Number of protein chains: 2
Amino acid sequence: MSTRLTKMAENREKLIASARRAFAQQGYAAASMDSLTAEAGLTRGALYHNFGDKRGLLAAVVDQIDSEMAAYAKSVGARAGDTWLGLLAEGAAYIEKALDPEVRRIVLLDGPSVLGDPSQWPSQNKCLQSTRNTIEQLIKDGTLKPVDPEAAAMLLNGAALNAALWIASSANPQAMLPKTLEAFNLLASGFLVKG
Amino acid sequence: MSTRLTKMAENREKLIASARRAFAQQGYAAASMDSLTAEAGLTRGALYHNFGDKRGLLAAVVDQIDSEMAAYAKSVGARAGDTWLGLLAEGAAYIEKALDPEVRRIVLLDGPSVLGDPSQWPSQNKCLQSTRNTIEQLIKDGTLKPVDPEAAAMLLNGAALNAALWIASSANPQAMLPKTLEAFNLLASGFLVKG
DNA sequence: CCTGTCACATACGATATGTATGCCACTTGA
DNA sequence: TCAAGTGGCATACATATCGTATGTGACAGG
């Protein structure tokens with residue numbers, strides 16, 4: 001086994017893990033790269049060599065978190081037999097996952113500011129494509145009205161992520177979650193052929 | 001007339017205007033306060049005296065832009081005789097206004113990162129309250145299903161603002177706008193008692 | 001006319017990012 | 001096995017920005 005490459009991969013993982021903690025707790029701007037790397041037992045030299053700059057590091061962290069969210073949402077959606085219910089379940093899963101402070105801070109707040117519009121990220125784009133495919137299938141089924149699949153997927157995803165931000169900063173998140181999910185399902189049902 | 005206070009107000013406006021340009025063109029993080037204030041014919045001394053810190057300046061800028069958006073949306077909504085159509089028109093107005101690069105960069109991207117969840121901002125809160133009132137009225141009318149008004153208002157606003165980001169970064173914004181508006185209206189109609 | 005206050009300017013210190021350079025371990029080829 | 005070279009990472013430096021602490025000049029009030 002090539003010791004060289006595996007050690008590099010390990011260091012990359014260490015840096016990403018350390019950055020994930022730091023970005024979540026202090027925010028992207030306030031997180032110091034010296035502290036980051038020191039906590040990982042490395043220096044900024046390793047960081048710049050692996051990720052180019054601070055933005056690159058954030059991109060790697062966002063990609064990791066986003067992939068985890070997408071995988072979870074997909075698994076939840078697949079568990080619901082019905083395709084339409086699966087779409088709703090995916091939305092609900094996204095909302096619940098985004099209630100994690102780490103996700104909110106890194107993916108929803110700092111991510112767009114530093115990396116630009118989320119719909120252009122590779123990870124989110126993958127998720128949007130998946131939702132889009134589901135919607136296209138439901139339109140062919142005759143379940144949904146002939147709406148633009150891309151726009152519909154984007155609206156659902158955007159509403160879900162935004163909802164998580166709102167719930168988390170509300171006075172009583174536990175109470176708001178079910179109400180919000182109900183409203184979200186109602187909203188999505190606007191695409192249905194028959195209410 | 002008190003020359004003292006009016007001059008201070010003028011300087012505040014000059015700084016906000018200068019910051020608005022700088023934040024829009026370079027982003028919040030990259031915008032230098034020295035350049036900002038120099039362009040306004042002042043120094044950072046004035047800035048810190050008036051706004052406390054860089055965040056305070058951004059808050060003032062965001063509040064100004066947000067107020068302009070809310071006023072425009074409200075006027076558009078009022079012009080539509082029907083309350084329900086007014087709600088849709090307000091949403092459309094928000095989407096269109098958010099297509100302005102200045103709004104996107106400052107309010108949608110940097111704002112949340114620096115100031116936190118938008119639904120907690122005084123300006124956005126005002127807008128949410130307005131939408132919430134409209135929705136409550138429509139529920140009493142029997143036009144809308146008995147959904148939680150706060151959650152519904154938040155979902156509509158979030159979807160609209162997110163849609164603007166998406167449209168702007170799409171390959172052909174002019175073509176995406178009508179499709180998105182159609183999908184948005186369909187989505188909102190999920191709250192209607194009868195489709 | 002004199003004095004005090006206040007809005008703003010100036011000077012300073014701390015800290016963070018990005019780059020350029022150097023070093024050492026590991027890989028590679030004979 | 002050994003020697004040369006590559007490259008991953010550490011170190012040192014230059015630059016720039018924020019926030020604070022202090023100074024100053026003009027306007028307001030008596």
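Quick notes on the rules
Residues numbered from 1 in each chain as written. Chains lettered and ligands numbered in written order. Predicted model: local features only at pLDDT ≥ 70, side-chain atom pairs only at ≥ 80, totals over all residues. Heavy atoms only, no water. UniProt positions renumbered as here; feature names shortened; annotations may be inferred. Helix = DSSP H or I, 4+ residues; strand = E, 2+ residues; numbered from the N terminus. Salt bridge = Lys/Arg side-chain N within 4 Å of Asp/Glu carboxyl O. Buried < 20%, exposed > 50% of the residue type's maximum accessible area, 1.4 Å probe, protein only. Contact = heavy atoms within 4.5 Å. Buried area = accessible area lost by both parts, 1.4 Å probe. Polar contact = N/O pair within 3.5 Å; in protein donor to acceptor, adjacent residues only side chain to side chain. Nonpolar A, V, L, I, M, F, W, Y, C, P; charged D, E, K, R; others polar. Near = heavy atom within 4 Å. Least-squares fit on C-alpha atoms with pLDDT ≥ 70 in both.

Per an unreviewed UniProt entry, chain A goes by Transcriptional regulator, TetR family and derives from Rheinheimera pacifica.

Participant: Looking at this structure, I do not really get the UniProt feature "DNA-binding region" (unreviewed entry) in chain A. What am I missing?
Facilitator: Per the UniProt record, "DNA-binding region" (unreviewed entry) is annotated on residues 32–51 of chain A. Counting secondary structure, residues 32–51 of chain A comes out at 75% helix and 0% strand; the distance between its end C-alpha atoms is 15 Å.

Participant: Please explain the pattern of salt bridges as it appears in this structure.
Facilitator: Side chains that differ in charge, positive against negative, can pair when their charged atoms come close. Counted by the stated rule, this structure contains 16 salt bridges over all chains. The residue E68 of chain A makes a salt bridge to R20 of chain A at a minimum N-O spacing of 3.0 Å. Of this pair, E68 of chain A sits in helix α4 (residues 54–79) while R20 of chain A sits in helix α1 (residues 3–26), and the two are 48 residues apart along the sequence. A relative accessible area of 14% means that R20 of chain A is categorised as buried. Here E102 of chain B ties to R20 of chain B by a salt bridge, and the two come within 3.2 Å at their closest N and O atoms. Of the two residues, E102 of chain B sits in helix α6 (residues 101–115) while R20 of chain B sits in helix α1 (residues 3–26), which places them 82 residues apart along the sequence.

Participant: For this particular structure, what's the right way to read the interface of chain B and chain A?
Facilitator: Quoted interface sizes are often the accessible area lost when the parts come together. Chain B puts 35 residues into the contact, and the matching count from chain A is 36 residues. Together, the buried faces of chain B and chain A total about 3,100 Å²; carbon and sulfur atoms form 69% of this surface. Summed over the three residues of chain B that lose the most area to chain A, namely L155, W166 and L187 of chain B, the buried surface amounts to 22% of that side. At the junction of chain B and chain A, the tally comes to two salt bridges. The residue D148 of chain A makes a salt bridge to K179 of chain B at a minimum N-O spacing of 3.8 Å. Our count for the contact surface shared by chain B and chain A stands at eight residue pairs in polar contact (both at pLDDT 80 or more). Those elements that provide at least two residues to the side of chain B that touches chain A are α6, α8 (149–168) and α9 (173–188) of chain B. Sorting elements by how many residues they give to the side of chain B that touches chain A places α8 of chain B first, with eleven residues. Looking at the side of chain B that touches chain A residue by residue, the classes come out as 19 nonpolar, nine polar and seven charged.

Participant: Explain the protein's contact with DNA strand C here, please?
Facilitator: Residues in contact with DNA strand C amount to 20 residues; listed here are only the nearest, R44 and Y48 of chain A together with R4, N11 and T43 of chain B. At 3.5 Å from a base nitrogen of DNA strand C is found a side-chain nitrogen or oxygen belonging to R44 of chain B. Here a phosphate oxygen of DNA strand C sits 3.1 Å away from a polar atom, N or O, in the side chain of N50 of chain B. Contributions of two or more residues to the surface near DNA strand C are made by α1, α2 (33–39) and α3 (44–51) of chain A together with α1 and α3 (44–51) of chain B. Ranked by residues supplied to the surface near DNA strand C, first place goes to α3 of chain B with five residues. Residues of the surface near DNA strand C, tallied by class, amount to six nonpolar, seven polar and seven charged.

Participant: How should the relation of the copies chain B and chain A be read in this particular structure?
Facilitator: Each of the two chain copies goes to the other by way of a rotation about an axis and a shift along it. Mapping chain B onto chain A calls for a rotation angle of 180 degrees and an axial translation of 0.0 Å; the resulting RMSD is 0.0 Å. Expressed as an axis order, the relation between the two copies is that of a two-fold axis. No C-alpha of chain B approaches the rotation axis more nearly than that of G190 of chain B, which lies at 1.7 Å. By residue overlap, the copies meet face to face through one surface: 100% of the interface positions of chain B are interface positions in chain A.

Participant: Just checking my understanding: could you explain the UniProt feature "domain: HTH tetR-type" (unreviewed entry) in chain A for this structure?
Facilitator: UniProt tags residues 9–69 of chain A as "domain: HTH tetR-type" (unreviewed entry). Between the C-alpha atoms that bound residues 9–69 of chain A there is a distance of 22 Å. The span itself is 80% helix and 0% strand.

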